[in-house]
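For reference, the chains in residue letters:
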Amino acid sequence: MSINAVLEENCLRANPELLLEPKYNLEETKSNIENKEKAFEELCKKTFQMYKPEEVVLSFNGGKDSTVVLHMLARFFQKDHNLKHLKILALFITDPDGFSEIDDFVNDCSKLYNIELIKMEGTIKQALERMCKERPLIKAVFMGSRRTDPHCQDLKTMQPTDPGWPALMRINPILEWTCRDIWQYIYVYDVAYCILYQKGFTSIGNKKNTKPNPYLQVAESQTGRVLNYRHAHDLLDNDNLERAGRV
């Protein structure tokens, strides 16, 4: 069954809403996204020439960025006759303070896509250490990092982990993507995404360090009382404000 068929069956297809409104040329948008996906496919070809499928894992946190990477990876697997019958290895780091919406979405994705979900507790370093100990074959990890994320300013598309970390090759396919690129990909390909983005969250950590983005507040004009929050994609051209909801 195709990804889109599964999405329809589970009623989890996204709606374009405001992002693809007439002021943006739809054909130009599709062309831009298709070009980015072609670049991703070339990176995947290089990756799977270097590593066997069982040596590669996706770091998947349920956020929009890693969801886009998952979707592109699933499409690549479907197109490759050597990969289409294999499961994608995906590492999800659980958090006792995590959002139930994220947990639910990750579990949904394990059904929507051909994933072998590896769940680990602890910090990302602890989770990677445990994963590498339990699955010593893994040598490379796809990440959903973007250039505007913390500590990602100097990252390369393929780069080994820093000293003191488990020895893995980090693969960063969307480093140069903008927030607009992410949302356009989501709507062009009808990608299911976590419901928290519909509630004003733009960068999601856990309940202790994340709140809806204050720049998306809908407030009562007379009292200033916050009534609601707009959709995360309303900040798609303000990458510098994306983490304004992180504390």
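Since the model is a prediction, treat every value here as computed from it, not as a measurement.

Notes on the confidence of the model for the protein chain
Phase 1 of the analysis: Looking at the protein chain as a whole, the pLDDT averages 89, with 90% of positions reaching at least 70.
Phase 2 of the analysis: Residue range residues 1-18 is modelled with pLDDT below 50. Its contacts to residues more than four positions away, or to other chains, number 37 contacts.

Here's the deal with the packing of aromatic side chains
Phase 1 of the analysis: A full pass over the atoms with the stated rule returns eleven aromatic pairs.
Phase 2 of the analysis: Centroid distance Phe99 to Phe201: 5.4 Å. Interplanar angle 70 degrees. Geometry classified as edge-to-face. Here Phe99 is found in the loop between β2 (88-93) and α4 (100-112), whereas its partner Phe201 is found in the loop between α6 (179-188) and β7 (217-219), with 102 residues between them in sequence.
Phase 3 of the analysis: The interplanar angle of 80 degrees and the centroid separation of 5.7 Å between the aromatic rings of Trp183 and Tyr197 together place this pair among those described as edge-to-face. Residue Trp183 is located in helix α6, and its partner Tyr197 is located in the loop between α6 and β7; the two are separated by 14 residues in the primary sequence.
Phase 4 of the analysis: According to the relative accessible area criterion, Trp183 is buried, its value standing at 0%.
Phase 5 of the analysis: Counting every residue linked through ring pairs, the aromatic cluster contains Trp183, Tyr187, Tyr193 and Tyr197.

The rules behind the values
Residues numbered from 1 in each chain as written. Predicted model: local features only at pLDDT ≥ 70, side-chain atom pairs only at ≥ 80, totals over all residues. Heavy atoms only, no water. pLDDT = per-residue confidence, 0-100. Contact = heavy atoms within 4.5 Å. Phe/Tyr/Trp six-rings, centres within 6.5 Å; stacked < 30°, edge-to-face > 60°. Helix = DSSP H or I, 4+ residues; strand = E, 2+ residues; numbered from the N terminus. Buried < 20%, exposed > 50% of the residue type's maximum accessible area, 1.4 Å probe, protein only.

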